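Analysis of the macromolecular model
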Amino acid sequence: MYTYPMYPQGEINSSDVQGTLRDYVKHWKWFLVSLITMIVAGFVYIWFTEPIYRIQASLLVKDEQKGMSDDGILKELNLYSENKVVENEIEILKSNTLMKKVVDTLGLTVRYFRSTPFGKREIYEDAPVRLVLTDPTPNLYRAELQISIISPTTVRLNDWVYPANQVINTPFGRLQIVIKQPVRYTNEPLVVQVAPTTQAIRYYLSKLKVEPSSKSSTVVLLTIEDAVPAKGEAILNQMIANYNSTATEDKNRVVANTLNFIQTRLKLVSGELASLEKAIENYKSVNQITDIGANAQALLNNLQTNDAQLNQVAIQLSALGDVERYIQEKDKGRGMVPSTMSFNDPTLTSLINKVTELELQRNQLVRTTSESNPLLRSLDDQINATKTSIRETVATLRNILTNTRSQLILTNKRYEAQIRTIPGRERSLMNITRQQAIKNNLYTYLLQKQEETALSYASIVSNSQIIDAASSSPDPVKPVKLLILILFGTVGLVVPAAVIRIRKLFNERVSGKAEIVETTETPVIGEIAYVRHEFPVIVNGRKRSVAAEQVRALRTNLQFLRENPDDSQVVLFTSSLSGEGKSFLSLNVAVSMALVGRPTVIIDLDLRRPKLHKALNMLNFRGSSSYLTGDATVDDILQQVPGFENLFIISCGPIPLNPSELLSGPRLKELIEELRPRFDNIVIDSPPVGLVTDAQLIGPFADVTLYAIRHNITHRSYLKFVDSLHQEKRFPNLNIVLNSVKNKYSYDYRYYYYRRSGNDKPNLLRKYLLH
């Protein structure tokens, strides 16, 4: 007996990925055709897709440092905001207001296209005409205009002819078609599309990208992608110009408002200052003062002089009193002569001096004479006469001094009253003077700031600096040819893979060993590859096909299921439905067993649709049904197969009316027991178990049961049925044989050793997939 190693059959026990790859390799032609088709479609897409260019400009946003001191002015006046922030400037650059100015300036609501073999292509500066919208109607935005130049003075708009370079009434509103000079004639009409301003703003803002060059940088990059590089450059340059002019206008407006405010305040302060100066003038005129300090000092000096005169009068009055007392005391006796130094009157002084001399003469005479001396009496008379004169003079002087003192006192009161009024006038004047000083200082400050603001107004510059003007990329950035080809190529590979996968998902048939293993615990003992054959026996001494080798491997695996190598083995073949190859398998397994010198008999117990006798061209007059009915013996029904020394067959015989009843009888057991001593292998071909119960009646007499499942034929639901048979142990040693597997790449490399032709050897890709 030849022995072979037990090969793993069919699909290699590796990862599901390899199994899936093998499924894909089977349909390599699908992948190739789909890949080529999609690559060609990718090139067509690239040809017909309008190229898009990237236009970029860079702008440096500087800190708020103006050429004027309006920063300080406005901060002092609390009218100035914080310095600029890059994020805020980015939002300004992306604002609808700024883009609206660009759209209006460049006329971007109107787009011009020229027809090409690859579709419409937009033009900008090369457009021979310019459409001016005077009073458009809403249907203009829904229509596509076609303009062609007929002559330098006429144009065709769709189907109508209009004069050029003037406002015309059209079904689309009042328009003006301006022909650019020099006139360029073309047979192809120019396609014009007009969009509302808001739609054009949204369109160009969606293509605009504004971002800082880095997190810590104040350089802002402006990027826009457009099919016309010239238009993209014009948009970015105009946007930067509008941004700078807007910033400058804002500064000019702020400075102008500041200057206007300062001038208004100057007028107001000037008027107030003039009013205060007039009030000071009137105050001094009314109060007859030029300088309050000098007037007060003059009053004090006059008061002091008057007080001195009043004191002098008081002294003189006191001296007059002394003179009067002297005269009165002299009348009573001799007294001290008063001093005459306080008197300015020469008469009184001479009289006092005279009486003093007379008193001296009398005193000298009294020492030498008596009181009765005539000379002494004469002196007394002279003294009395002189004193009388003194009394009269003193009275006159007293009256004069008294009047003088009264006048001086009145003068003092007048001076004191004037002095008391000085603080009030001085306070009032100081209030007016203080207001004048405040207004004067404010007026001087505003004059200074007016000059500074006027100087700064002429030196205002933008806060930003253009680093790089707008420039476009030399090559289109879209479509990316390599990326497009990769995407289309990927789709070309994914589509057939998806189709294969979907077919597999929707396939209700058993597709391979992996699916069997996942669904049931019933072991798979072998796989038989699909083979085209005219004669049902594919196993003989000369054939070395893949299927033949797999049958031999199945024969070897059956040997491992023998409990005792010396005992005979009964192998039962069944299936779910008819047509799954159980008869083919049973016949070829029996032939392979006979080829190794083991006496083998194959019994056709499919009493409903027998096939084995037809496959071998054997007689079927008597067979297993004859034995089961008791009409024949084993020797009567046993036939040797021509060409196979050790192979015998028991055909079905006449088809009975009651197959199940015959198989349920004792004769089946007797048949098996009678055949066991005579044959090493007994192969039974039974009816499908999914249709009738005949196979289950035969099962108890078998040692091994092989359940045939045909690749892409057997329904998946029968796998659950096989699993239930295995779990319930309805058949002894139930194993599955996967028959007619069409995945030839699963076996090419494994069995290439038996191939004769060099062309049959698998290539490296197959070898890789199988290992």
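All values reported here derive from a predicted model rather than from experimental measurement.

Further remarks concern the overall build of the protein chain. Assigned secondary structure in the protein chain consists of 22 helices and 21 strands. Counting every position in the protein chain, which comprises 771 residues, the buried fraction comes to 43%. Here the contacts in the protein chain between residues at least 6 apart in sequence split such that 77% fall between residues at least 24 apart. Carbon together with sulfur atoms contributes 54% to the accessible area of the protein chain, which is approximately 41,300 Å² in total.

Relative to the helices and strands, Glu580 resides in the loop between strand E15 (569-575) and helix H14 (582-595). There is no salt bridge for the buried Glu580, and the closest opposite charge comes from Arg509, which lies 7.3 Å off by N-O distance. Reaching out from Glu580, the side chain makes a polar contact with the backbone nitrogen of Ser576 at a distance of 2.8 Å. Here the side chain of Glu580 touches Thr714 through a polar contact of 2.7 Å, side chain to side chain. Not counting chain neighbours up to four residues away, the residues in contact with Glu580 comprise Ser575, Ala708, Arg710, Thr714 and Asn739.

Mean pLDDT over the protein chain: 81, with 84% of residues reaching 70 or higher. Segment residues 1-15 is flagged for pLDDT under 50; beyond a separation of four residues in sequence, or across chains, it makes 38 contacts in the model.

In this section: helix H4 (residues 86-93). Along H4, the residues that are buried comprise Val86, Glu89, Ile90 and Leu93. Seen end-on, H4 carries its buried residues on one side only, within an arc spanning 105 degrees. For H4, the exposed residues set more than 90 degrees away from the buried face come down to Glu87 and Glu91. Contacts made by the buried residues of H4 are with strand E1 (53-61), helix H5 (96-106), strand E11 (208-212), strand E12 (219-226) and helix H7 (229-287).

This part covers the sheet that holds E12. Strands sit in the order E11-E12-E1-E13 across an open sheet of four strands; the sheet is antiparallel. Single-partner strands in this sheet number two, and they are E11 and strand E13 (464-472). Across the sheet, the axes of successive neighbouring strands diverge by a mean angle of 15 degrees, strand direction being ignored. Across five bridges, E11 lies against E12 in antiparallel orientation. Looking at E12, one finds that Leu208 is bridged to Ile224. Against the sheet, H4 makes contact with E1, E11 and E12, and its axis sits at roughly 170 degrees relative to E11, the strand it touches most.

Right, let's get into the pattern of salt bridges. All told, the structure shown has 20 salt bridges when counted by the stated rule. A salt bridge links Lys449 to Glu452, with the shortest nitrogen-to-oxygen separation between them at 3.3 Å. Residue Lys449 and its partner Glu452 are located together in helix H10 (residues 374-457), separated by three residues, close to a single helical turn. Between Asp685 and Lys582 there is a salt bridge, with its nearest N and O atoms 3.1 Å apart.

Remark: H5 packs on H7, axes separated minimally by 9 Å, with the N-to-C direction vectors making an angle of 120 degrees. As the angle between them shows, H5 and H7 are arranged oblique. Crossing handedness for the pair H5 and H7: right-handed. Note on element contacts: H7 touches H5 through Ala234, Ile235, Gln238, Met239, Asn242, Tyr243 and Thr246, opposite Leu98, Met99, Lys101, Val102, Thr105 and Leu106. Across the contact of H5 with H7, the residue classes break down as eight nonpolar, four polar and one charged.

Once that is clear, we can look at the pairing of strand E8 (residues 167-170). Side chains Ile168 and Thr170 project from E8 onto a buried face, and the interleaved Val167 and Asn169 project onto a face without burial. Relative to strand E9 (residues 173-179), E8 runs antiparallel, the two sharing four bridges. By the bridge assignment, Thr170 is partnered in E9 with Gly173.

Residue position: Asp23 is located in helix H1 (residues 16-26). Distance from Asp23 to Ser511, taken between C-alpha atoms, is 10.0 Å for residues 488 residues apart in sequence.

Cut-offs and rules
The residue numbering used here restarts from 1 in each chain and proceeds along that chain's sequence as written. Reporting of local features is limited, given that this is a predicted model, to residues whose pLDDT is at least 70; pairs of side-chain atoms are given and counted only at 80 or more, and all residues count toward the totals for whole chains, interfaces and linings. Calculation of side-chain values draws on the structure's entire complement of heavy atoms; hydrogens and water are dropped beforehand. What counts as a helix is a DSSP run of H or I of at least four residues, what counts as a strand is a run of E of at least two, and both are numbered from the N terminus. Throughout, exposure labels follow a simple rule: accessible area from a 1.4 Å probe, protein chains only, divided by the maximum for the residue type, with under 20% read as buried, over 50% as exposed, and the rest as partly exposed. The contact criterion used throughout is that any non-hydrogen atoms of two residues lie within 4.5 Å. Here the accessible surface of atoms and residues is derived via Shrake-Rupley with a 1.4 Å probe, and residues count as covered only by protein chains that are part of the display. For the purpose of charge, His is not counted, nor are the chain termini; Lys and Arg are scored as positive and Asp and Glu as negative. By definition here, a salt bridge exists when the distance from a side-chain nitrogen of Lys or Arg to a carboxyl oxygen of Asp or Glu is within 4 Å. In the analysis that follows, any N or O atom pair within 3.5 Å is treated as a polar contact, provided that within protein one partner can donate a hydrogen and the other can accept it, and provided that, for residues neighboring in sequence, both atoms belong to side chains. On a range of 0 to 100, pLDDT expresses the predictor's confidence in each residue. As used here, the arc is the angular range of directions from the helix axis to the C-beta atoms. At least two DSSP bridges between two strands are needed for those strands to be called paired. Here an axis means a line fitted to C-alpha atoms, over the contact stretch when the element is a helix, while the angle between two N-to-C directions is reported on a 0 to 180 degree scale. Should an angle lie under 35 degrees it is considered roughly parallel, over 145 roughly antiparallel, and from 65 to 115 roughly perpendicular; all remaining angles are considered oblique. By the definition used in this description, the sense in which the near helix is turned from the far one sets the handedness, with an anticlockwise turn below a right angle giving left-handed and a clockwise turn giving right-handed. Three residue categories are used. Nonpolar comprises Ala, Val, Leu, Ile, Met, Phe, Trp, Tyr, Cys and Pro, charged comprises Asp, Glu, Lys and Arg, and polar comprises the others, including Gly.

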